[in-house]
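Close look at the chain arrangement
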Amino acid sequence: MGEHKNGGTRPEALLIIFLIVSILTVVFSVALRERSERGEWNGRIIWGVQRFIGKLTYQVRDLFGTIKRLGEIRQQYEIALDKLSEYQGFERSVIELRRENEELKRQLGYSGSIEYSNTPARIIARDPSNLFSSITIDKGTSDGIKAGATVTAFQDGFFGLLGKIVRVGKKSSQVRPLIDPDHYVAGLLQKSRIQGLVEGLGNEDGELKMSYVHKSAVELINVNDLVVTSGFKSLYQRGIVIGRVKEIRSREYATSLELTISPVINVTRVEYVFVSKNVQ
Amino acid sequence: MTIRVLVTSFLACGFAIFQSTTLSKLVPSNVFPDIAMMILVTLAMRYGPIPGEFSGFLVGLSIDTISLAPLGFHAFIFVLIGYLSGKLRSYLSSNLILVSIVAITLATLVKYVSAILLSFFFGLNLGLMRYFSLLTIWELLANIVLAPLIFFAIFSIYDSVDRHKEHTIE
């Protein structure tokens, strides 16, 4: 049936076979993913090549960047020296504040038993097809990284949430960023303590949506309010900054508000991340 | 022929990795041309739909392993592109620049339309996929600009390999 008169294979028959195989693979893959995030992954060869090229790209770029930066570093050094003398004056008051802080924590019964250690990692690759938003980092199981771990980053003075680990290889891992529409985080408005569910929109601006915020809270929420992780029934630690309220939408027919959030971490500009080793 | 299909597929896979590692750092908008897809289209247009389908499946699967996509997602899209590009083979005798631009435009559209359909059927959320938004148009434009260059480069390699083979047979 699938053969030409001259004995060759029909392209249409082959197309159907390949499409069926692809669809079955998608079905199994989606089913497996629904049971758990893909966890440990053994695509060693292709991930190994990706890691090698990713690091090589950084090395080449760093080499050219270093030459360019020498002049800038000299200027920064001069400024830093000036600032250092200024900060020496602050040191004494910081020590005093720290002692006071420790004392207050003791009085409040603060539990310091849960400690999170962060592993620094570098982003080595992004999604190759412009269709998905994955990020690949250069740390894996050999560095103690586990699937589901929280990924944070430092940018513009904020230590904010970037995403979570979804697949782990031996020496590299894949991150699902916060802006991905499949990513949900239990969020909390820092000032008013109102809770909601934050999810990615996958749009060009990398905006997020906070839903299930009760309508009665509209008076308590302001544009620019900070949104942090609530830690409520979530794998994320409490208090990690997610973003700022950009827009508050209240629809007449809806029972809850919808907030547009601008994330504090711009995924496209991040180079280094921190992976939490403690998975709750 | 089999070796040519395998070598071209490996080349396309290599460019897929290059896109994810190097190109993603060079392009500020985070949307870059799909060179792997362009190489696949070139192969299919040169040697027909069957090599296009084989290569599309291999390249698609390798992209699936380094992407957040479920396994088989890109394989489906690239098999379809390989087949359809192979069907355009008869137009190759026309102006190469024009043919390359038309073929790549169609391939990019097939990629996005089939991605939307697959995500709809399987309930997938496509991360940075913007349904024919400005950045999708950027990718299309980048593909169109690069298409004649890729076609010319890959066809030159195929020509020299084919000529060398003819000499060896003679």
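Parameters at a glance
Residues numbered from 1 in each chain as written. Chains lettered and ligands numbered in written order. Predicted model: local features only at pLDDT ≥ 70, side-chain atom pairs only at ≥ 80, totals over all residues. Helix = DSSP H or I, 4+ residues; strand = E, 2+ residues; numbered from the N terminus. Rg over C-alpha atoms; globule rule 2.2 N^0.38 Å. Buried ≥ 20, exposed ≤ 12 C-beta atoms within 10 Å, placed from the backbone. Contact = placed C-beta atoms within 7 Å. pLDDT = per-residue confidence, 0-100. Domains from an automatic or database assignment. Nonpolar A, V, L, I, M, F, W, Y, C, P; charged D, E, K, R; others polar. Axes fitted to C-alpha atoms, helices over the stretch in contact; angles between N-to-C directions. Parallel < 35°, antiparallel > 145°, perpendicular 65-115°, else oblique. Left-handed = near helix turned anticlockwise from the far one by under 90°.

Moving on to the overall build of chain B. Looking only at helices and strands, chain B features six helices and zero strands. Its helices and strands in sequence order give chain B the pattern α-α-α-α-α-α, from N to C terminus. Here the C-alpha atoms of chain B give a radius of gyration of 16 Å, agreeing with the 15 Å that 2.2 N^0.38 yields for 170 residues. C-alpha extents for chain B along the principal axes are approximately 55 × 30 × 30 Å. Looking at chain B as a whole, 53% of its 170 residues qualify as buried.

All right, on to the overall build of chain A then. Helices and strands together make up the secondary structure of chain A, namely two helices and 13 strands. If you take every contact in chain A between residues at least 6 apart in sequence, the share linking residues at least 24 apart comes to 57%.

What follows is about the confidence of the model for chain A. Residue and element names in this part refer to chain A. Chain-level statistics for chain A give a pLDDT mean of 80 and a share of 84% at 70 or above. Mean pLDDT across the elements of chain A bottoms out in strand β1 (residues 39-40) (54) and peaks in strand β3 (residues 135-137) (91). Between residues 110-114, whose pLDDT stays under 50, and residues either more than four places distant or in other chains, the model counts one contact.

The subject of this paragraph is the domain arrangement of chain A. Residue and element names in this part refer to chain A. What the domain assignment reports for chain A is domain 1 (46-113) and domain 2 (117-280). Between domain 1 and domain 2, the contact holds five residues from the first and seven residues from the second. Its residues assigned to classes, the side of domain 1 that touches domain 2 comprises one nonpolar, two polar and two charged.

Relative to the helices and strands, S20(B) is located in helix α1 (residues 2-26). Overall, S20(B) belongs to the buried group, with 27 C-beta atoms counted inside 10 Å. Along the backbone, S20(B) and S67(B) are 47 residues apart, and their C-alpha atoms lie at a distance of 9.2 Å. Once residues within four sequence positions are removed from consideration, S20(B) is found in contact with Q50(A), A125(A), R126(A), D127(A), P128(A) and I66(B).

Once that is clear, we can look at the packing of helix α2 (residues 35-47) of chain B against helix α3 (residues 49-66) of chain B. All names here are of chain B. With their axes 7 Å apart at the nearest point, α2 and α3 run at an angle of 165° to one another. Considered as vectors, α2 and α3 are oriented roughly antiparallel to each other. The crossing of α2 and α3 is right-handed. Judged by residue contacts, A36, L40, L43, A44 and Y47 of α2 engage P49, P51, G52, S55, G56, V59 and I63 from α3.

So, on to unusual backbone geometry. All names here are of chain A. Non-glycine residue Y212 carries a positive phi angle of around 60°. With respect to the helices and strands, the residue Y212 is situated in strand β9 (residues 208-214). Of note in this structure, N224 is not a glycine but carries a positive phi near 85°.

Turning our attention to the interface of chain B and chain A. In this assembly, 46 residues from chain B lie in contact with 41 residues from chain A. When residues of the side of chain B that touches chain A are traced back to their parent elements, those giving at least two are α1, α3, α4 (73-87), α5 (96-122) and α6 (134-169) of chain B. Here the element with the most residues in the side of chain B that touches chain A is α1(B); it accounts for nine residues. Residue classes in the side of chain B that touches chain A are distributed as 26 nonpolar, 15 polar and five charged.

Residues and elements named next belong to chain B. α4 packs onto α2 with a crossing angle of 40° between their chain directions and a minimal axis gap of 7 Å. As summarised for this structure, α2 and α4 are arranged oblique, according to the angle between their axes. α4 is crossed by α2, and the crossing has right-handed handedness. Judged by residue contacts, M37, L40, V41, A44 and M45 of α2 engage F78, I81, G82, S85 and G86 from α4.

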